[in-house]
Each structure stands twice: as structure tokens, then as C-alpha cells.
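Observations on the model geometry
Residues per chain are reported as follows:
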Amino acid sequence: MKDIARQGMSIKVESMDMLNIQIKMEAHASATYLAMASWCDQNGFFTSAKFFHKQAEEEREHMMKIFNFLIDAGGSPISPEITNINHDYASIVDVFESTLDHEIAVTKSIHAIVLKSREVGDIATERFLDWFVMEQVEEENTIRDILDMISVTGTEGVGLQMIDDHVGNWIE
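Our subject in this report is the structure included herewith. Remember, predicted model here, so these are calculated numbers, not experimental data.

**Regarding the packing of aromatic side chains**
Under the counting rule described, the total for this entry stands at nine aromatic pairs. Where Phe51 meets Phe96, the ring centres are 5.9 Å apart and the plane angle is 45 degrees; that geometry is what we call tilted. Residue Phe51 is found in helix H3 (residues 46-72), and its partner Phe96 is found in helix H4 (residues 92-119); the two are separated by 45 residues along the sequence. Phe51 sits in the buried class, given a relative accessible area of 1%. Relative to Phe132, the ring of Phe128 lies with its centre 5.3 Å away and its plane at 55 degrees, an arrangement referred to as tilted. Of the two residues, Phe128 and Phe132, both sit in the buried class.

So this is what it looks like as C-alpha cells:
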């Protein structure tokens, strides 16, 4: 009887399935941000490249945080296959607008998992996601601040260099 209890999952299947989708989303974000870092390097936005290298590392950390939570909760995390990474951007503005779109999608996904875990009574998953909810507020705010700075600075001539220099303010 003890063996059966030890094998049981404390996480609800619905939550586990959604968290596995989130693992893939975080891995995709990490790969996307690495591609953005490469684009920035190739186009002379070296500070922005450092910013996106850092973002890529953070997204991988988020993925691993969820992966390890699933293990701890008795679930089965799935290592994702990542495809469809965009490597082409029209401008630095396009890069940061794409970043904001992605962060908004992640926020919606996290919120959906919180709501589902609440609906199915998976309190541990809901509490685990509290950190991610607040992290997404910070992530979206950072990218909105950068886009606001780009709007004020402009993208002509020296403005592009100023944008890249100011992105350094968001690298911790």
C-alpha cells in the first residue's frame, strides 16, 4: 500500500499537461531570444544582444523551474522539441515589439494555468505560479519601458545608438 501512495501524483493531470505546454513555451522563448541576440549582434546592437542573451538564460531558468516542480509534484515533465524560431527582423523596433507580443502570450498562458489549477483544486500548482505571475508583470513592464524609450528617442541616425546604449539600463 505504501508503494502505491509513493507513486501517486500530488499534481492534477490538467495542471501537469498545461505546465508541460508552458515548458515548451519557455524553451521556445529562450531559443527566440537567442536568435534575437544574434540578430542584434549582426546589426550592431551589441548592448541589446547582451540583453537578449540574458533573457534567453532567464527563459531557460523558467523552463527548468517548471520542469523541476513537475518532478517534485510527482508529475512527468517532457523535454520539448523546439522549432519555428524566427531569425529575421526588420528593425530593432520589430525585435522589441515581437518580444512584447511574446511576453503577453506567456502572461496569458500563465494566467490560464493559474485559473485551471484553481478550478481543479490544485493549490500547490497555483501557489507555485505566484512567482511567475509577478515575473510576467516585470517582464512586460521592462519591454514596454524599452519601447517607450524607443518612441521618445526615435530610430533615425544617432537615435539608434542611443536606444542600444539605453537598453543597458535593463541588464541586471
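**Remarks on the pattern of salt bridges**
Tallying each qualifying case throughout the model produces five salt bridges. Taking the shortest distance from any N to any O, the salt bridge between Glu119 and Lys116 comes out at 3.2 Å. With Glu119 and Lys116 both in helix H4 and three residues apart, the pair spans about one turn of that helix. Ionic pairing is found between Asp130 and Arg127, a salt bridge with its closest N-O pair at 2.9 Å. A relative accessible area of 45% places Arg127 in the partly exposed class.

**Observations regarding the packing of H4 against helix H6 (residues 130-153)**
With their axes 9 Å apart at the nearest point, H4 and H6 run at an angle of 160 degrees to one another. In terms of their interaxial angle, H4 and H6 are classed as roughly antiparallel. Considering how the two elements wind past one another, H4 and H6 form a crossing that is left-handed. In contact with Val93, Phe96, Glu97, Thr99, Leu100, Glu103, Ile104, Val106, Thr107, Ile110, His111 and Val114 of H4, H6 contributes Phe132, Val133, Gln136, Glu139, Glu140, Ile143, Arg144, Ile146, Leu147 and Ile150. Taken together, the residues of the contact of H4 with H6 break down into 13 nonpolar, four polar and five charged.

**Re the nonpolar core**
Counting 21 residues, the largest nonpolar core has Phe52 and Phe96 as the members making the most contacts within it. Elements with a minimum of two residues in this core: helix H2 (13-42), H3, H4 and H6. Those residues in contact with Phe52 that sit more than four places away from it in its chain are Tyr33, Met36, Ala37, Cys40, Val95, Phe96 and Thr99.

**Let's talk about the packing of H2 against H4**
Between H2 and H4, the least distance of the axes is 10 Å, while the angle of their chain directions is 170 degrees. On the basis of the axis angle, H2 is roughly antiparallel to H4. Classifying every residue of the contact of H2 with H4 by side-chain character gives 15 nonpolar, seven polar and four charged.

The rules behind each value
Residues numbered from 1 in each chain as written. Predicted model: local features only at pLDDT ≥ 70, side-chain atom pairs only at ≥ 80, totals over all residues. Heavy atoms only, no water. Phe/Tyr/Trp six-rings, centres within 6.5 Å; stacked < 30°, edge-to-face > 60°. Helix = DSSP H or I, 4+ residues; strand = E, 2+ residues; numbered from the N terminus. Buried < 20%, exposed > 50% of the residue type's maximum accessible area, 1.4 Å probe, protein only. Salt bridge = Lys/Arg side-chain N within 4 Å of Asp/Glu carboxyl O. Axes fitted to C-alpha atoms, helices over the stretch in contact; angles between N-to-C directions. Parallel < 35°, antiparallel > 145°, perpendicular 65-115°, else oblique. Left-handed = near helix turned anticlockwise from the far one by under 90°. Contact = heavy atoms within 4.5 Å. Nonpolar A, V, L, I, M, F, W, Y, C, P; charged D, E, K, R; others polar. Core = buried A, V, L, I, M, F, W, Y, C linked by side-chain atoms within 4.5 Å.

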